[in-house]
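Inside the fold
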Amino acid sequence: MLPPELLRLGRIQANLIAAVAANFIFYGLLFSLTLWLENERGLSPVMTGIAFLPMMLPMCFLPLLTGRLVHRFGARPLILVSLVVDVAVGALLAFVGPHSPLALVILPQVVLAVGTTLAIPGITADMAVATPPRFAATGQGALNAARQAGSALGVAVLGTLGTVHE
């Protein structure tokens, strides 16, 4: 159980909601794109993995800069912009068809990776600052639980979108 006084803090609530949203979008899209690339585009699992490689580059290197960006602009603006970018990418990918150029799928994936890679460290940093010291471990545990819940919900909800047939 989480302490009610921790959950009453507005910044804590906002960070937990942002964490659910970021992981919902990222992992939900990642899962549904995997299914879509294999089932609709006819890519093999190996080629699908290769199609995701450009997405992994920002995830490898951007965390090295995220701390500086959070320090310079603040965590909350960075989180907000990142979540807007992630939602926009999801909306864009909703309009990609089976005959669209693969670049129209890969480029948004890279942007999604940038958005999520900026959001999660920003949320983690803001959570650490916003959580009262006596609840530091509890706050980070709640954040990780929120992220895992967002991932599971994203896969469950967005993963079913590709299975709807006419």
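Shown above is the structure to which this text applies.
Residues numbered from 1 in each chain as written. Predicted model: local features only at pLDDT ≥ 70, side-chain atom pairs only at ≥ 80, totals over all residues. Heavy atoms only, no water.

1. Concerning the packing of helix 3 (residues 45-61) against helix 4 (residues 63-73)
With their axes 5 Å apart at the nearest point, helix 3 and helix 4 run at an angle of 55 degrees to one another. Taken together, helix 3 and helix 4 sit at an angle that is classed as oblique. Counting all contacts with helix 3, which are made through P58, M59, C60 and F61, the residues of helix 4 involved are P63, L64 and L65. Of the residues in the contact of helix 3 with helix 4, the class split is seven nonpolar, no polar and no charged. (Axes fitted to C-alpha atoms, helices over the stretch in contact; angles between N-to-C directions. Helix = DSSP H or I, 4+ residues; strand = E, 2+ residues; numbered from the N terminus. Parallel < 35°, antiparallel > 145°, perpendicular 65-115°, else oblique. Contact = heavy atoms within 4.5 Å. Nonpolar A, V, L, I, M, F, W, Y, C, P; charged D, E, K, R; others polar.)

2. Brief notes about the side chain of S151
Position of S151 among the secondary structure elements: in helix 7 (residues 136-161). Beyond its immediate stretch of four places on either side in the chain, S151 contacts N23, F24 and Y27.

3. Some remarks on the nonpolar core
Nonpolar side chains in soluble globular proteins generally cluster together in the buried interior. Core analysis: the biggest nonpolar cluster contains 22 residues, and I12, L16, A22, I79, I123 and L143 have the highest contact counts within it. Mapped by element, the contributors of at least two residues to this core are helix 2 (10-39), helix 5 (75-93), helix 6 (103-130) and helix 7. When residues in this core are grouped by element, the largest group, six residues, is from helix 6. Among the nonpolar cores identified, the runner-up in size contains 17 residues, and I25, L37, F52 and I106 belong to it. (Core = buried A, V, L, I, M, F, W, Y, C linked by side-chain atoms within 4.5 Å. Buried < 20%, exposed > 50% of the residue type's maximum accessible area, 1.4 Å probe, protein only.)

4. Quick look at the pattern of salt bridges
Scanning the entire structure with this criterion turns up two salt bridges. Between R11 and D126 there is a salt bridge, with the nearest N and O atoms lying 2.4 Å from each other. Highlighted residues: R11 in helix 2 and D126 in helix 6, separated in sequence by 115 residues. On the basis of relative accessible area, R11 is assigned to the partly exposed category, the value being 31%. (Salt bridge = Lys/Arg side-chain N within 4 Å of Asp/Glu carboxyl O.)

5. Overview of the packing of aromatic side chains
This model, assessed by the stated rule, comprises one aromatic pair. Residues F26 and Y27 carry aromatic rings whose centres are separated by 4.9 Å and whose planes lie at 90 degrees to one another, so their mutual orientation is edge-to-face. (Phe/Tyr/Trp six-rings, centres within 6.5 Å; stacked < 30°, edge-to-face > 60°.)

6. Brief notes about the packing of helix 2 against helix 7
Relative to each other, helix 2 and helix 7 sit at 35 degrees, their axes nearing to 6 Å. The element helix 2 and its partner helix 7 pack so that their crossing is right-handed. Residue composition of the contact of helix 2 with helix 7, grouped by class: 16 nonpolar, eight polar and one charged. (Left-handed = near helix turned anticlockwise from the far one by under 90°.)

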